[in-house]
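Inside the fold
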Amino acid sequence: QLCSRMAYTNVCPDAAGEGVQKCKQPHDLEAFFAAKPAAIGSKCPVLDALGVCPAGLNCRWDAHIKDRKNVDRDGVVVTPESPWLAKVPGMGHPAGEVNVFKYELIGQLRKKVYDFSRSQEVAKAWQRHCSGSCDQPLGGIVEHERRPLDLKGKRILAPLTTVG
């Protein structure tokens, strides 16, 4: 598998740049295309549905790979400045991935230099609230009042399975 950003936008900004973090995924197009299995078919169903395929060059279908570049439905090469990146956020990342962060943030978290002051303030306010020294609500972080469960005169069906 080729780097997902390289496969989608045809360029990986962190591949061999002067940035702090460098992408550790493969970027060799010659080796990738030499080892890539034959295409499944000529028309990518995701390309037909969305107008662009998020798998890019990694896609097993063949319709959106022209001159070893990923193109959209209209045949325009997808680039980092492409309007598709604004229309469909998260494109160029593995499918289903929701934890997508910039390499700068990942580097700060690994080096333990990220500023957690906002989170620490909320945690302190929550501790004060739980200890009873603070009477003001914390917005969305308050316990809801529990209502008593009324089962009088109601039928209850027990589960038909056992645990263990």
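Residues numbered from 1 in each chain as written. Predicted model: local features only at pLDDT ≥ 70, side-chain atom pairs only at ≥ 80, totals over all residues. Heavy atoms only, no water.

A few words now on a nonpolar patch on the surface. Together, L109, Y114 and F116 line one region of the surface with nonpolar side chains, adding up to about 270 Å² of accessible area. Looking at where L109 falls in the secondary structure, it is placed in helix α5 (residues 103–111). Given a relative accessible area of 40%, L109 falls into the partly exposed group. (Patch = residues over 30% accessible without salt bridge, like charges linked within 9 Å, V, L, I, M, F, W, Y side chains within 5 Å. Areas by Shrake-Rupley, 256 points an atom, 1.4 Å probe, with all protein chains shown as cover. Salt bridge = Lys/Arg side-chain N within 4 Å of Asp/Glu carboxyl O. Helix = DSSP H or I, 4+ residues; strand = E, 2+ residues; numbered from the N terminus. Buried < 20%, exposed > 50% of the residue type's maximum accessible area, 1.4 Å probe, protein only.)

Within the largest apolar cluster, 10 residues are counted, these being L2, C3, M6, A7, C12, C23, F32, F33, L57 and I65. What C3 contacts, discounting residues up to four positions off in sequence, is C12, C23, Q25, P26 and H27. Residues C44, C53, C59 and A63 belong to the second largest nonpolar core, which totals 5 residues. (Core = buried A, V, L, I, M, F, W, Y, C linked by side-chain atoms within 4.5 Å. Contact = heavy atoms within 4.5 Å.)

In this section: the side chain of T9. On the secondary structure map, T9 appears in helix α1 (residues 4–9). Relative accessible area serves as the criterion here: at 8%, T9 is assigned to the buried category. Polar side-chain contacts of T9 include one of 2.7 Å to the backbone oxygen of V11. The residues contacting T9, other than those within four sequence positions of it, are V78, T79, P80 and L85. (Polar contact = N/O pair within 3.5 Å; in protein donor to acceptor, adjacent residues only side chain to side chain.)

What follows concerns the side chain of D72. Here D72 lies in the loop between β2 (69–70) and α4 (83–87). Within the buried core, D72 has no salt-bridge partner, and the shortest N-O distance to an opposite charge, that of R73, equals 7.4 Å. At 2.9 Å, the side chain of D72 forms a polar contact with the backbone nitrogen of V76. Not counting chain neighbours up to four residues away, the residues in contact with D72 comprise L47, G51, V52, V78 and W84. (Lys, Arg positive; Asp, Glu negative; His and termini not counted.)

For the structure shown, the criterion picks out 2 aromatic pairs. Taking the centre distance of 5.2 Å and the plane angle of 70 degrees together, the rings of F32 and F33 count as edge-to-face. Between Y114 and F116 the ring centres are 4.9 Å apart and the planes differ by 70 degrees, which places this aromatic pair in the edge-to-face class. Note on Y114: relative accessible area 35%, which makes it partly exposed. Here F116 falls in the partly exposed class, since its relative accessible area comes to 40%. (Phe/Tyr/Trp six-rings, centres within 6.5 Å; stacked < 30°, edge-to-face > 60°.)

Time to look at the environment of K36. Counting through the fold element by element, K36 comes out in the loop between α2 (29–35) and α3 (45–50). By relative accessible area, which is 21% here, K36 ends up partly exposed. Through-space distance from the C-alpha of K36 to that of R60 is 8.5 Å; in sequence the pair is 24 residues apart. K36 has contacts with L57, C59 and I65, leaving out every residue within four places of it along the chain. Within the structure, K36 has its side chain in polar contact with the backbone oxygen of C59 (distance 3.0 Å).

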